[in-house]
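# Architecture at a glance
Read off the chains here:
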Amino acid sequence: MKHFSNRPRSLRQFITLDRRSMLNGLLLAFVISMCGPASLLAQRPKRDAPAPKFDKQEITKGINKWSSPNFQMVCDLDDEEAQELLTRLETMLTNVSGYFGRKLPKSIDMYVAKKIENWPSDVLSQMDRSGIASIERGAGVTQGQRRESQGRVIDSEAVVYAVADHGTPQHESVHAYCVLAFGRTGPVWFSEGMAEVGNYWKGGDDKTVSTPDYVIDFIKKTEAKPLNEIVNNPLETTGDSWSNYTWRWAICHLLGFNENYSPRFRPLGLALLAGENVDFWKVYGGQEDEIQFEYEFFLKHITQGYRVDLCSWDWKTKPLAPRKTGTLSKISAARGWQATRVKVEAGTEYLVTATGNWRIDSDGAELTADGNEKGAGRLVGIIMQDYKLSEEFELGQEATFTPTSTGALFVRCRDDWGAIGDNKGIISIKVKEAE
């Protein structure tokens, strides 16, 4: 059964598993397609790593077979384009295999085309028709096979067909890696979500949101898909629309990089790739409310450059009434909302004083907690009660405030949510009841 869904600039195709016996084992033929690159929450490769070696073999005019340590790619790219793509693919593979802790057992075979209509018939005759059709639609597809014996994967094959845009070859190569290394790609939400993490990778720091603008616009204008419908949907066996890809990406990006959830996400992923029947909420135990809150917060504030790691909420610090002499806290300019260790009571007046300086640009001017003339870099506060937030209020170097609700006081350096990563400096604050 095939499912097709349109998205801007691409079309993605998925084919469900088809089981049949073969030789002494079981051959499972499946096709998984998505568009985009893939770095998968990766360990960054060493900057001084040697560039991969390439070998070029002409098949026919304009069509070449390029080889690198882990890829065999037939394409119509020019020499510079082919080598640039293979360099990205090799970097991606280093990241992915490092993250999952398993080397690629064999090369990934690929067909990458800018203008498939110009390819000669003798080359096309060696390619799968569905793969050609996927490229013609401006998309990509990974065709994989695995052989099992007594429930254990003993061999796998994978071939990638991809249109030659920035992302599709890398994205499909992630699926090929999973097929070759594990024999499977995991359930739909994980497979698609992780592939979309790769889809938006531009190189450098993977933790930074770097999605197409239309994805961010869609998230901000659309009611969020409930978290449980993403991670606990046993009826979801195929891919569908790019909009559903977006929600899967959002939860994988959050879980993969948020400091509260990333330690459990890799073991969860490995279990899913091993074909284990893992219950998401058993893995994350009593963190359902926290994950739901941070998922919704991420979607509300998402922008280019957003860092979920820097915006991880502090759930461990338990707020208490401030000391009579004042409760002290250190607040970083380069993080989102931070716990003050203070619980405030509605109707009680409090005094906040702040000392020290910080910057809202790595090479910008030093600012006090009052910020600059536009209010950027100013110390601001918010109150959380039962996973609900008050309106933000200004504090600065010295301020009194009387909360209208009881809850935990959080503060931060005011800056655009996509720009806090380059902030510098820490200030000290004191919170106490006003006299």
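Residues numbered from 1 in each chain as written. Predicted model: local features only at pLDDT ≥ 70, side-chain atom pairs only at ≥ 80, totals over all residues. Heavy atoms only, no water.

### Things to note about the layout of surface pockets
What counts, and what does not: Throughout, the protein atoms alone are placed on a 1 Å grid, and a set of points is a cavity if a 1.4 Å probe fits but cannot get out or a pocket if it is open with protein on both sides within 12 Å along at least five of seven lines; lining residues have an atom within 4 Å of a point. Grid points are joined across faces, edges and corners, and a volume is the space filled by probe spheres set on the points. Helix and strand assignments follow DSSP, with helices taken as H or I runs no shorter than four residues and strands as E runs no shorter than two, numbered in order from the N terminus. Note on residue categories: nonpolar means Ala, Val, Leu, Ile, Met, Phe, Trp, Tyr, Cys or Pro, charged means Asp, Glu, Lys or Arg, and polar means any other residue, Gly included.
Counted as a void, the second largest pocket has a volume near 420 Å³. What lines the second largest pocket is a set of 18 residues, and nearest its centre among them are Phe-293, Phe-297, Lys-300, His-301 and Leu-389. Sorting the residues of the lining of the second largest pocket by element identifies helix H11 (288-301) and strand S14 (388-389) as the ones contributing at least two each. The greatest single-element share of the lining of the second largest pocket, amounting to 7 residues, is contributed by H11. In the lining of the second largest pocket, the residues fall into 7 nonpolar, 3 polar and 8 charged.

### A look at the sheet that holds strand S18 (residues 426-433)
Let me state the cut-off plainly: DSSP calls a pair of strands paired once it identifies at least 2 bridges connecting them. Structural elements are reduced to axes, namely lines fitted to C-alpha atoms, with helices fitted over the stretch in contact, and the angle between N-to-C directions of any two is expressed from 0 to 180 degrees.
Sheet architecture is open: 4 strands sit in the order S10-S18-S12-S16, paired in antiparallel fashion. Of all the strands in the sheet, just strand S10 (327-332) and strand S16 (398-401) have a single pairing partner and so form its edges. Within this sheet the neighbouring strands show an average axis-to-axis angle of 25 degrees, counted without direction. Judged from the 6 bridges that link them, strand S12 (residues 350-355) and S18 form a sheet pairing that is antiparallel.

### Quick look at the environment of Thr-404
Using the following cut-off: The cut-offs for exposure are 20% and 50% of the maximum accessible area for each residue type, with area from a 1.4 Å probe on protein chains only; residues under the lower value are buried, those over the upper are exposed, and the others partly exposed.
Within the fold, Thr-404 resides in the loop between S16 and strand S17 (407-413). For Thr-404, a relative accessible area of 79% translates into the label exposed. Separated by 14 residues in sequence, Thr-404 and Ser-390 have C-alpha atoms that sit 8.8 Å apart.

### Quick look at the nonpolar core
The test is simple: We define the nonpolar core as a collection of buried residues of types Ala, Val, Leu, Ile, Met, Phe, Trp, Tyr and Cys that are connected through side-chain atoms lying within 4.5 Å of one another.
Within the largest apolar cluster, 81 residues are counted, with the highest numbers of intra-cluster contacts made by Met-73, Trp-189, Ile-251, Phe-265 and Phe-298. In this structure, Tyr-350, Ala-354, Leu-409 and Val-411 belong to the second largest nonpolar core, which totals 23 residues.

### Describing unusual backbone geometry
Trans peptide bonds make up most of the peptide bonds, and negative phi angles are found at most residues other than glycine. Of note in this structure, Arg-341 is not a glycine but carries a positive phi near 70 degrees. Tracing the sequence through the fold places Arg-341 in strand S11 (residues 338-344). Of note, the phi angle at Tyr-387 is positive, near 65 degrees, even though the residue is not glycine. Looking at the element boundaries, Tyr-387 is found in the loop between strand S13 (379-385) and S14.

### Quick notes on the environment of Arg-137
Its place among the elements puts Arg-137 in the loop between helix H3 (129-136) and strand S8 (140-149). Considered as a pair, Arg-137 and Val-163 are 26 residues apart in the sequence and their alpha carbons are 8.5 Å apart.

### Focus on the pairing of S18
Here S10 pairs with S18 via 6 bridges, running antiparallel. Within S18, the residue paired with Thr-327 across the bridge is Val-431.

### Remarks on the pattern of salt bridges
As a reminder of what qualifies: Whenever Lys or Arg places a side-chain nitrogen within 4 Å of a carboxyl oxygen from Asp or Glu, that contact is recorded as a salt bridge.
Counted by the stated rule, this structure contains 17 salt bridges. Taking the shortest distance from any N to any O, the salt bridge between Asp-309 and Lys-207 comes out at 3.9 Å. Of the two residues, Asp-309 sits in the loop between H11 and S10 while Lys-207 sits in the loop between helix H5 (188-199) and helix H6 (213-221), which places them 102 residues apart along the sequence. Among the charged side chains, a salt-bridge network with shared partners connects Asp-370, Arg-378, Glu-392, Glu-394 and Arg-414.

### Re the packing of aromatic side chains
Our working rule: Pairing of aromatic rings covers Phe, Tyr and Trp, the last counted by its six-membered ring, and requires centre-to-centre distances within 6.5 Å; plane angles under 30 degrees mean stacked, over 60 mean edge-to-face, and any other angle means tilted. In this scheme, the term charge over a ring applies when either NZ of a lysine or CZ of an arginine sits within 6 Å of the ring centre and within 35 degrees of the ring normal.
Inspection of every chain in the model, using the stated rule, returns 26 aromatic pairs. On the basis of an interplanar angle of 85 degrees and a centroid distance of 5.8 Å, the ring pair of Trp-189 and Phe-280 is categorised as edge-to-face. Here Trp-189, found in helix H5, pairs with Phe-280, found in helix H10 (residues 280-283); they are 91 residues apart in sequence, far enough to count as distant. This pair shows no difference in class: Trp-189 is buried, exactly as Phe-280 is. For the ring pair Phe-293 and Phe-297, a centre distance of 6.1 Å and an interplane angle of 20 degrees mean the geometry is stacked. Note that Phe-293 and Phe-297 are positioned in helix H11 at a spacing of 4 residues, about one turn of the helix. For the residue pair Phe-293 and Phe-297, the accessibility class agrees, reading buried in each case. Three or more aromatic residues link up through ring pairs in this structure, and these residues are Trp-249, Phe-293, Phe-297, Phe-298, Tyr-306, Trp-313, Trp-315, Tyr-387, Phe-410 and Trp-417. The positively charged end of Arg-412 is found above the aromatic ring belonging to Trp-337, 5.4 Å away from the centroid.

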